[in-house]
Amino acid sequence: VCYSIYNTLIKNATAYCSELINFGDVDNNVSRTPVSTRMSFSSPRRGATVSFHNINYSVKMKSGFMCKRKVTQKNILIDGVMRPGLNAILGPTGSGKSSFLDVLAARKDPAGLSGEVLIDGAPQPPNFKCLSGYVVQDDVVMGTLTVRENLRFSAALRLPKSIRQREKDEKVEKLIQELGLSKVANSRVGTQLIRGVSGGERKRTNIGMELIIDPPVLFLDEPTTGLDASTANSVLMLLKRLEKTIFYLYFIYRLFIYMVKLDEEQLSSSLKGIEDRLVEEYKNSASYKLTKSELERITQGQDYSTRPKSRTITYSTSFFHQFNWVLKRTFRNLMLNPQTSFAQIGVMIFLALVVGAIFFGVEENSSGIQNRMGALFFITTNQCFSSISSVELFITERKLFVHEYISGYYRVSVYFLSKILSDVLTLRTIPAVIFSCVAYWMIGLKASAEAFFIFMFSIVLVSYTATSMTLAISADQTVLAIANIFMTISFVFMMIFSGLLVNLPSVADWLNWLKYFSIPRYGLAALEINEFTGLKFCDMTNVSSTLVEVCTTGEGFLSKQGITYSTWGLWQNHLALGIMTLIFLIIAYLKLRFIKKFT
């Protein structure tokens, strides 16, 4: 058992250490062949030798509140060699383990980073994070899909199209056998609502999704977190059998102490004393001298500290191939999530029946005007507030999207279009159409096909616009509650300027401009023009003991509301909603496009 310890963190002149344990074979013949930016899948490959030289990463830490906030800087200093085999990074909380792992995996922000990471003696390629495997601490896998479906998805997008689908499927089946997942291959991984496989099987599925590309280097961020002792041992034994260069974080000091065969007296000593002794013994060991000489031989006097850090994402498949697979997965996930698909349709049918029953059979009199306005206002605002359910569209899958995107699964545009087609065009269109078919005829609105389809088109467009605004606000949010608050406040203000709660022509000029940002206003105006134009509302009024019929036209009512009821007056509302939808979708896409890609 060989172990090596490096100083990793300097704080207030006190050195903390992060221990690096190497269980692999020693190989002093390190080549200088440049690392290819494309991967060959013709035959399994052994792990690569990873060396890191004068790594210096500066982190600015903020503490305190507002004006009293202090900014301190931490420096992580390290260099060494990792050979093919199992390599553990040990250290206490705050010692820089995760930062060090991300530096080696090319997933750390190049700003503040100096030094060089070499792969088999050659500079790390710019797309190294797409060529290596990285298993994050929190499992990122589609829980509604089966183990086999998740592995096939990874193979379809990360293996080049030059490999036939049959060969990809064979590779998946072989990997399932090697990972011991044959019995659960057709079982769903599991979500909060769907019971799935065990924690160890879930972790092995995550590892398998990275092994599908046969990476020369595999990184794992605390792979045993949340697992019991037996399951954790099986995961580590699996990693040990792989002929790769594997890095993983570990925090169990007693296991490390046991592995270097320290006696009981030393076990009872303080952790600080153990660390000091380990550091001192390592510096006096032959392993330290061997590592130091090997580092000097690899660099051979070359200065890598000034080399500019470049980070790029490359893809193995085309846009349309990615779009096909991501769209299929998105729709399958939608269908297998009853709370987001069938439940939403059920709620819409229930609301349509309730609204239809309350405003059933509106008449063409003064009460009919009020009932029509109430029904149309409720329908419009309901479409807006129903769209809040799309807040979680990007938030719940944020970790999954970020991991798959920076690993080269698919382009941002592919993910974005798939989500738009599945959520906006499916979960917003179908419920709105069903709602229209039920509520429109129960309420007794204008009985003509043209009016019905304009009504349906109007509320669908309102739903699209409200959903697009929800996506634009939530695309860069990480907390669901905060996004919900922003959306609720926005819709409340829009509702005030919709045209029912306040007569818009009477609003002061310095506030009247806010109506142009109200989604319900455009929707309600379109529905009012569609419904009231051509109608006549009459009441019998007692004038001098004589019943007199007093009538008003729908056009007259619209004029009092400040609504232009011409053909252009109707369609300008749809045009405004369309433009707002486009603007909000562009904002949402740009937020995803420029999302933080580094840790």
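Just so it is clear, the model here is predicted, and its values are computed rather than measured. (Residues numbered from 1 in each chain as written. Predicted model: local features only at pLDDT ≥ 70, side-chain atom pairs only at ≥ 80, totals over all residues. Heavy atoms only, no water.)

**A few points about the overall build of the protein**
Inclusion rule: Helical segments are the DSSP runs of H or I of at least four residues, strand segments are the runs of E of at least two, and each set is numbered from the N terminus. Each residue's exposure class comes from its accessible area (1.4 Å probe, protein chains only) as a fraction of the maximum for that residue type: buried when under 20%, exposed when over 50%, partly exposed otherwise. Whether two residues touch is decided by their heavy atoms; if any such pair falls within 4.5 Å, the residues are in contact. We get accessible surface area from the Shrake-Rupley algorithm with a probe of 1.4 Å; when it comes to residues, only the shown protein chains can shield them.
Summing up its helical and strand segments, the protein has 23 helices and twelve strands in all. Sorting the 599 residues of the protein into buried and exposed places 51% on the buried side. Look at the contacts in the protein between residues 6 or more apart in sequence, and 77% of them connect residues 24 or more apart. Total accessible area on the protein is roughly 28,100 Å²; 59% of this is exposed by carbon and sulfur atoms.

**Digging into the UniProt feature "transmembrane region" (unreviewed entry) in the protein**
The criterion, for reference: UniProt positions are given in the numbering used here, feature names are shortened, and annotations may be inferred rather than shown by experiment.
What UniProt calls "transmembrane region" (unreviewed entry) maps, in this numbering, to residues 342-362, 425-443, 449-467, 479-502 and 574-592. End-to-end, the C-alpha atoms of residues 425-443 are 26 Å apart, and along that stretch the chain is 95% helix and 0% strand. Between the end C-alpha atoms of residues 449-467 there is a gap of 27 Å, over a span that is 100% helix and 0% strand.

**Some points on the state of the cysteines**
To be explicit about the condition: The rule for a disulfide is simple: a pair of cysteine sulfur atoms within 2.5 Å.
Evaluated as defined, the whole model comprises one disulfide. Here Cys538 connects covalently by a disulfide to Cys551, the sulfurs 2.0 Å from one another. Taking the sign of the S-S torsion, about 110° here, the bridge from Cys538 to Cys551 comes out right-handed. Placement of Cys538 in strand 11 (residues 536-543) and of Cys551 in strand 12 (residues 546-553) is noted, with a sequence separation of 13 residues between them.

**Some details on the environment of Arg372**
Applied cut-off: Polar contacts, as counted here, are pairs of nitrogen or oxygen atoms within 3.5 Å of one another; within protein the pair requires one atom able to donate a hydrogen and one able to accept it, and residues that are adjacent in sequence qualify only if both atoms are side-chain atoms.
Here Arg372 shows up in helix 13 (residues 366-386). Taking relative accessible area as the criterion, Arg372 reaches 2% and is therefore assigned buried. Separated by 71 residues in sequence, Arg372 and Ile443 place their C-alpha atoms 8.4 Å apart. Among residues more than four places away in sequence, those in contact with Arg372 are Val362, Glu363, Glu364, Gly444, Leu445, Glu531, Phe532, Leu535 and Phe537. A polar side-chain atom of Arg372 sits 2.7 Å from the main-chain carbonyl oxygen of Glu363.

**Describing the nonpolar core**
One broad trend across soluble globular proteins is that nonpolar side chains are buried collectively. This is how it is decided: Buried Ala, Val, Leu, Ile, Met, Phe, Trp, Tyr and Cys residues form a nonpolar core when they are joined through side-chain atoms within 4.5 Å.
Counting 119 residues, the largest nonpolar core has Ile207, Leu218, Leu239, Phe401, Tyr410, Ile443 and Ile519 as the members making the most contacts within it. Ranked by residues supplied to this core, first place goes to helix 18 (residues 449-474) with 15 residues. If we skip the residues at most four places from it in the chain, Leu239 touches Leu86, Ile207, Leu218, Leu220, Pro223 and Ile246. In terms of nonpolar packing, the next biggest core, distinct from the first, is built from 28 residues, Phe52, Met82, Ile119 and Val217 among them.

**Quick notes on the packing of aromatic side chains**
This is how it is decided: Centres within 6.5 Å make a pair out of two Phe, Tyr or Trp rings, where for Trp the six-membered ring is used; the pair is then stacked when the planes are under 30 degrees apart, edge-to-face when over 60, and tilted otherwise. Comment: the charge-over-ring label is applied if NZ (Lys) or CZ (Arg) is within 6 Å of the ring centre and within 35 degrees of the ring normal.
Inspection of every chain in the model, using the stated rule, returns 23 aromatic pairs. Ring geometry for Phe319 versus Phe320: centroids 5.3 Å apart, planes at 90°, classification edge-to-face. By relative accessible area, Phe320 is classed as exposed at 64%. Through pairs of rings, three or more aromatic residues link up here, namely Phe153, Phe394, Phe401, Tyr405, Tyr409, Tyr410, Tyr415, Phe416 and Tyr589. Seen from the ring of Trp325, Lys328 lies directly overhead, with NZ or CZ sitting 4.4 Å from the centre. Positioned over the ring face of Tyr522 is Arg521, at 4.9 Å from the centre of the ring.

**Observations regarding a nonpolar patch on the surface**
Where we set the bar: Two distance rules govern patches: like charges are joined within 9 Å, and nonpolar side chains (Val, Leu, Ile, Met, Phe, Trp, Tyr) within 5 Å, applied only to residues with over 30% relative accessible area and no salt bridge. Definition used for salt bridges: Asp or Glu carboxyl oxygen within 4 Å of a side-chain nitrogen of Lys or Arg.
Taken together, Phe385, Val479, Ile482, Ile485, Phe486, Ile489, Val492, Phe493, Ile496, Leu500 and Leu501 make up a surface patch of nonpolar side chains, about 920 Å² in accessible area. Counting residues per element, the nonpolar patch draws most heavily on helix 19 (residues 480-496), at seven residues. Positionally, Ile489 belongs in helix 19. Overall, the relative accessible area of 44% leaves Ile489 in the partly exposed class.

**Observations regarding the side chain of Ser407**
Take Ser407: it is sitting in the loop between helix 15 (398-406) and helix 16 (412-427). Residue Ser407 is classed as buried on the basis of its relative accessible area, which comes to 2%. A polar side-chain atom of Ser407 sits 2.7 Å from the main-chain carbonyl oxygen of His403. Apart from the residues within four sequence positions on either side, Ser407 is in contact with Arg107, Lys129, Cys130 and Arg158.

**Regarding the pattern of salt bridges**
Summed over all chains, the structure comprises 15 salt bridges. In this structure, the salt-bridge partner of Lys399 is Asp138, at a minimum N-O distance of 3.0 Å. In this pair, Lys399 is assigned in helix 15 and Asp138 in the loop between strand 8 (133-135) and helix 3 (147-158), connecting sequence segments 261 residues apart. Glu170 is paired through a salt bridge with Arg166; the nearest N and O atoms lie 2.9 Å apart.

**A few points about the packing of helix 21 (residues 519-532) against helix 23 (residues 567-593)**
We count it as follows: Axis lines are fitted through C-alpha atoms, for helices just across the contact stretch, and the angle between N-to-C directions can take any value from 0 to 180 degrees. Just so you know how the angles are binned, under 35 degrees is roughly parallel, over 145 roughly antiparallel, 65 to 115 roughly perpendicular, and the rest oblique. Here is the rule for handedness: rotate from the far helix to the near one, and if that takes an anticlockwise turn smaller than a right angle the crossing is left-handed, while a clockwise turn gives right-handed. By the convention adopted, Pro, Cys, Tyr, Trp, Phe, Met, Ile, Leu, Val and Ala count as nonpolar, Lys, Arg, Asp and Glu as charged, and the other residues, Gly among them, as polar.
In contact at an axis separation of 9 Å, helix 21 and helix 23 are set at 155° when each is read in the N-to-C sense. Between helix 21 and helix 23, the crossing angle belongs to the class labelled roughly antiparallel. When you trace helix 21 past helix 23, the crossing you get is left-handed. Residues Ile519, Tyr522, Gly523, Ala525, Ala526, Ile529 and Asn530 of helix 21 form the contact with helix 23, whose participating residues are Gly569, Leu570, Asn573, His574, Ala576, Leu577, Met580 and Phe584. Its residues placed into classes, the contact of helix 21 with helix 23 shows ten nonpolar, five polar and no charged.

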